[in-house]
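Tertiary structure, described
If you want the building blocks of each chain, they are given just below.
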Amino acid sequence: MFGCGNPDWASTYHAVPKFIDDQLAAVGGDRLIERGQGNASSAELFDVFDDWKDKLLEKLGSSSERPTPTLAVKVESKQRQNILRYANLGTGKVISNKVITKEGVPVKRHIVLDLPDDAEYQAGDYLEILPVTPAPFVRRALARFNLHADDLISLSNSASGGQKVNLPLDMPLSASDIFHGFVELGHPISARTLAKLATFTEDQGEKQSIEGLTQPEQFEAEVVKKRLSLLDVLERFPRVDMPLGEFLLSLPPIRIRQVSSESILS
């Protein structure tokens, strides 16, 4: 008998395992080893159980020895860059990032970077950075398509000889990883994509509203000036049933950002 309990419930701690152990003995049971007592609030619970189990198996003439598991590890650090066709980017490390301006004025930062050994630069250069989509955008996209962040998605290009896409094809990735690393969720929607949305709804009211937004004057005033994204429009029209694949293909791939620097020092 091995019992597991939490001492926070002192009055009943191991009461059931003790009762069962005593009752088995009372009816003639032969106790092979002493009752095991596990504390669920202790980090050593599993070690205590393993030690008790080893004693039991030894008593039974068996063995608990098992092959030690090993893992072969392969690290691919440039997969995203290669898929997005930014294979020439290297990996750097941010050493420090400090705001050097007072509150109430445009923010300027002093950033110290550890660049790759083969990086060549001089004062006044631009630094190119491959970003990730901000978490709030990702959460909105997950909610709009009723996805969990850990849901695995496999993408494939079903069109033979079709145009290449900068998306991870034929490899399962989490929904969160795809939205974070491969598409521009905040990019302004184009008139062509907006017109396509009208084909994905049976709701005549939403269809007419979307078609109205495609008219040049309304598109300029309501979409361009407000910088509405495809995600913004989908949230405004919940009855638009745009497939996830169409959504991803309608977004531009995430692009590198160029950071202008007044001076880059070695």
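Residues numbered from 1 in each chain as written. Predicted model: local features only at pLDDT ≥ 70, side-chain atom pairs only at ≥ 80, totals over all residues. Heavy atoms only, no water.

What follows deals with the overall build of the protein. Looking only at helices and strands, one finds 10 helices and eight strands in the protein. Its C-alpha atoms give the protein a radius of gyration of 30 Å, more than 25% over the compact-globule value 18 Å for 266 residues. Its C-alpha atoms put the protein at 90 × 60 × 50 Å along the principal axes. Looking at the 266 residues of the protein, the share that counts as buried comes to 27%. For the protein, the share of sequence-separated contacts (at least 6 apart) that also reach a separation of at least 24 residues comes to 64%. Accessible surface, the protein: about 18,700 Å² in total, of which carbon and sulfur atoms supply 51%. Positive and negative charge centroids in the protein, built from 30 and 37 side chains respectively, lie 5 Å apart. (Helix = DSSP H or I, 4+ residues; strand = E, 2+ residues; numbered from the N terminus. Rg over C-alpha atoms; globule rule 2.2 N^0.38 Å. Buried < 20%, exposed > 50% of the residue type's maximum accessible area, 1.4 Å probe, protein only. Contact = heavy atoms within 4.5 Å. Areas by Shrake-Rupley, 256 points an atom, 1.4 Å probe, with all protein chains shown as cover. Lys, Arg positive; Asp, Glu negative; His and termini not counted. Charge placed at Lys NZ, Arg CZ, Asp CG, Glu CD.)

Moving on, we come to a nonpolar patch on the surface. Together, Met 1, Val 16, Phe 19, Ile 20 and Leu 24 give the surface a local cluster of nonpolar side chains, amounting to about 460 Å² of exposed area. With respect to the secondary-structure elements, Ile 20 resides in helix 1 (residues 15-26). Among the residues examined, Ile 20 registers a relative accessible area of 36% and is labelled partly exposed. (Patch = residues over 30% accessible without salt bridge, like charges linked within 9 Å, V, L, I, M, F, W, Y side chains within 5 Å. Salt bridge = Lys/Arg side-chain N within 4 Å of Asp/Glu carboxyl O.)

Attention now moves to the pattern of salt bridges. This structure, assessed with the given rule, holds 10 salt bridges. Between Arg 31 and Asp 21 there is a salt bridge, with the nearest N and O atoms lying 2.9 Å from each other. Placement of the pair is Arg 31 in the loop between helix 1 and strand 2 (36-39) and Asp 21 in helix 1, with a sequence separation of 10 residues. With a relative accessible area of 37%, Arg 31 lands in the partly exposed category. Note that Asp 203 and Arg 239 form a salt bridge whose closest N and O atoms lie 3.6 Å from each other. Placement of Asp 203 in the loop between helix 6 (191-197) and helix 7 (204-213) and of Arg 239 in the loop between helix 9 (230-236) and helix 10 (244-250) is noted, with a sequence separation of 36 residues between them. For Asp 203, a relative accessible area of 25% puts it in the partly exposed group. Shared partners join several salt bridges into a network, and the residues in it are Arg 140, Asp 232 and Glu 235.

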